[in-house]
Amino acid sequence: MSNTNQGPVTVLGLGMMGTALATAFVKNGNPTTVWNRSADKADALVEQGAVFAADIKQAIEASPVVVACVSTYEVLNGLLADAADELKGKVVINLTSGTPEDARAFAVWAEQNGVRYLDGAIMAVPQMIGLPQALIFYAGSQEVYAEHEELLKPLAGTNVYLGADTGVAMIYDLGLLSLLWSSLAGYFHAVALVNSAGVSAEAFTPFALTWIEHVITPSIPQSAQEIDSASFDTEISSLGVNKAAIEHLVATSKQLGINSDFSAAIQALIERRVEQGHAGHSLASLVEAFKQG
Ligand SMILES: NC(=O)c1ccc[n+]([C@@H]2O[C@H](COP(=O)([O-])OP(=O)(O)OC[C@H]3O[C@@H](n4cnc5c(N)ncnc54)[C@H](OP(=O)(O)O)[C@@H]3O)[C@@H](O)[C@H]2O)c1
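Given the structure is predicted, the values throughout are model-derived calculations rather than measurements.

(A) How the structure looks around the overall build of the protein chain. The number of helices and strands found in the protein chain is twelve helices and eight strands. Taken over the C-alpha atoms alone, the protein chain extends approximately 65 × 40 × 35 Å along its principal axes. Per-residue burial over the protein chain gives 40% buried out of 293 residues. Here the protein chain has roughly 15300 Å² of accessible surface; of this, 58% comes from carbon and sulfur atoms. Looking at charge distribution, the protein chain has the averaged site of its 14 positive side-chain charges lying 2 Å from that of its 30 negative ones.

(B) Quick peek at the pairing of strand β1 (residues 9-12). The alternating pattern of β1 places Val9 and Val11 on one face and Thr10 and Leu12 on the opposite face, and all of these are buried. Crossover handedness for the path β1 to helix α1 (residues 16-28) to strand β2 (residues 32-35): right-handed. The sheet contact formed by β1 and strand β4 (residues 65-68) spans three bridges and is parallel. Paired with Thr10 across the two strands is Val66, which belongs to β4.

(C) Looking closely at the site of the ligand. By nearness alone, 21 residues border the ligand, and Met17, Asn36, Ser38, Lys41 and Ser97 come closest of all. One nitrogen or oxygen atom from the main chain of Met16 is found 2.9 Å from an oxygen atom belonging to the ligand. Out of a free accessible area of 890 Å², the ligand has 74% covered by protein chains. With three residues, the single largest contributor to the shell around the ligand is α1. Here the shell around the ligand is composed, by residue class, of eleven nonpolar, eight polar and two charged.

(D) View of the pattern of salt bridges. All chains considered together, the criterion is met by six salt bridges. A salt bridge links Glu101 to Arg104, with the nearest nitrogen and oxygen atoms 2.7 Å apart. You can see Glu101 and its partner Arg104 sitting in helix α6 (residues 100-112), three residues apart, about one turn around the helix. Judged by relative accessible area, which is 27%, Arg104 ranks as partly exposed. Among the ionic pairs, Arg116 bridges to Glu143, the shortest N-O distance being 3.0 Å. Highlighted residues: Arg116 in strand β6 (residues 116-123) and Glu143 in helix α7 (residues 142-152), separated in sequence by 27 residues.

(E) Region of the structure containing the side chain of Ser282. Mapped onto the elements of the fold, Ser282 is located in the loop between α11 (261-275) and α12 (286-291). Engagement of the side chain of Ser282 in a polar contact is seen with the side chain of Glu226, the distance being 2.5 Å. Not counting residues within four places of it along the chain, the set of residues in contact with Ser282 comprises Glu226, Phe232, Thr234, Ser237 and Leu239.

(F) Quick peek at the nonpolar core. By size, the foremost hydrophobic cluster in this structure holds 33 residues, and its most contacted members are Leu21, Val67, Ile93, Leu95, Tyr138 and Leu155. Contributions of two or more residues to this core are made by β1, α1, β4, β5 (91-94), β6, β7 (135-140) and α7. With seven residues, α1 is the largest single contributor of residues to this core. Listed in part, the 29 residues of the second largest apolar core include Ala53, Ile56, Val70 and Met170.

(G) Highlighting a nonpolar patch on the surface. A cluster of nonpolar residues, Leu176, Leu179, Leu209, Trp211, Ile212, Val215, Ile216 and Ile220, forms a patch on the protein surface that exposes about 730 Å² of accessible area. At the level of secondary structure, the elements contributing two or more residues to the nonpolar patch comprise α8 (168-195) and α9 (201-229). In terms of residue count, α9 provides more of the nonpolar patch than any other element does, six residues in total. The class for Leu179 is partly exposed, based on a relative accessible area of 45%.

(H) Structural view of the sheet that holds β1. Ordered by their spatial adjacency, eight strands build an open sheet running β3-β2-β1-β4-β5-β6-β7-β8, and the pairing between neighbours is mixed. Every other strand in the sheet has two partners, leaving β3 (51-52) and β8 (158-161) as the edge strands with one partner each. Its contacts with the sheet place α8 against β6 and β7, and it is angled at close to 10° to β6.

(I) Structural context of the side chain of Ser238. Note that Ser238 resides in the loop between α9 and α10 (239-256). Dropping the residues within four chain positions of it, Ser238 is found in contact with Ala279, Gly280 and His281.

Cut-offs used in this document
Residues numbered from 1 in each chain as written. Predicted model: local features only at pLDDT ≥ 70, side-chain atom pairs only at ≥ 80, totals over all residues. Heavy atoms only, no water. Helix = DSSP H or I, 4+ residues; strand = E, 2+ residues; numbered from the N terminus. Buried < 20%, exposed > 50% of the residue type's maximum accessible area, 1.4 Å probe, protein only. Areas by Shrake-Rupley, 256 points an atom, 1.4 Å probe, with all protein chains shown as cover. Lys, Arg positive; Asp, Glu negative; His and termini not counted. Charge placed at Lys NZ, Arg CZ, Asp CG, Glu CD. Right-handed = clockwise from strand over helix to strand, strands pointing away. Pairing = 2+ DSSP bridges. Near = heavy atom within 4 Å. Polar contact = N/O pair within 3.5 Å; in protein donor to acceptor, adjacent residues only side chain to side chain. Nonpolar A, V, L, I, M, F, W, Y, C, P; charged D, E, K, R; others polar. Salt bridge = Lys/Arg side-chain N within 4 Å of Asp/Glu carboxyl O. Contact = heavy atoms within 4.5 Å. Core = buried A, V, L, I, M, F, W, Y, C linked by side-chain atoms within 4.5 Å. Patch = residues over 30% accessible without salt bridge, like charges linked within 9 Å, V, L, I, M, F, W, Y side chains within 5 Å. Axes fitted to C-alpha atoms, helices over the stretch in contact; angles between N-to-C directions.

This is the structure:
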């Protein structure tokens, strides 16, 4: 991936993700200064041309743009608390994961300290950084994003600016993670069920993939349309039908000694909507049950 902006950049945090980010900048030809609490993690990057700063303040001073990627905002807040003077007038692009409120609180701190801030959420694993399939969401100052869009290109094939609300990148992040965990948990539950009948995960998986392709994937845009128009009438599969079916799943899991907590939680949402008079509505109307808390 080539990039026209080969300006200097500092990367704070060289865990799995920070190392991938710094490596992408080095490969792109950006003069890259790195800092990490555990200095040895910088060795391979220094061999590739990065400069290691032993002190976080020196690392910040080395570049106009600081890209941060540590484990949590709490850690980042602690690391930057004493570096406000060095950060004044600089750009901080924070790719640490957290909550929307973490991001918004950091934006307030940045504003109070004269730091130009952009929040980001990486929707990729470290091995995908720099590849076309990597996606990074950005939120916060549109001006900072526009100025640094080119600088950020070596990190991901797709960069999406979501808006001025600094918390919105983390909202998208958590939404996609919810989809990841719940869909994979559904698969793991399914495997536990088929394993109980002596069927291996590999033997079952082609049917899981076909099910995802032909049933689950098309139902997502269909659900989106229903949700956005608040119109949940269905001729496909009603909550009433699903209520009966999920009872079988929960009962069978219990009978087989398989954990049913995950399906019982979905069952409770379906039952609540049915009790509220929506037995004839589609599964998409469960979004209303989520909104009810
Ligand atoms: N890995 C992924 O697939 C992935 C995907 C998307 C987003 N992310 C996000 O990227 C961020 C970093 O993830 P990672 O995978 O790189 O995690 P990691 O490998 O565990 O690295 C954590 C980083 O935080 C630093 N750190 C932790 N506690 C610290 C402290 N008290 N003081 C100073 N530094 C501290 C670590 O420094 P030391 O090396 O000294 O321990 C290291 O640089 C997380 O917010 C994660 O959610 C990761």
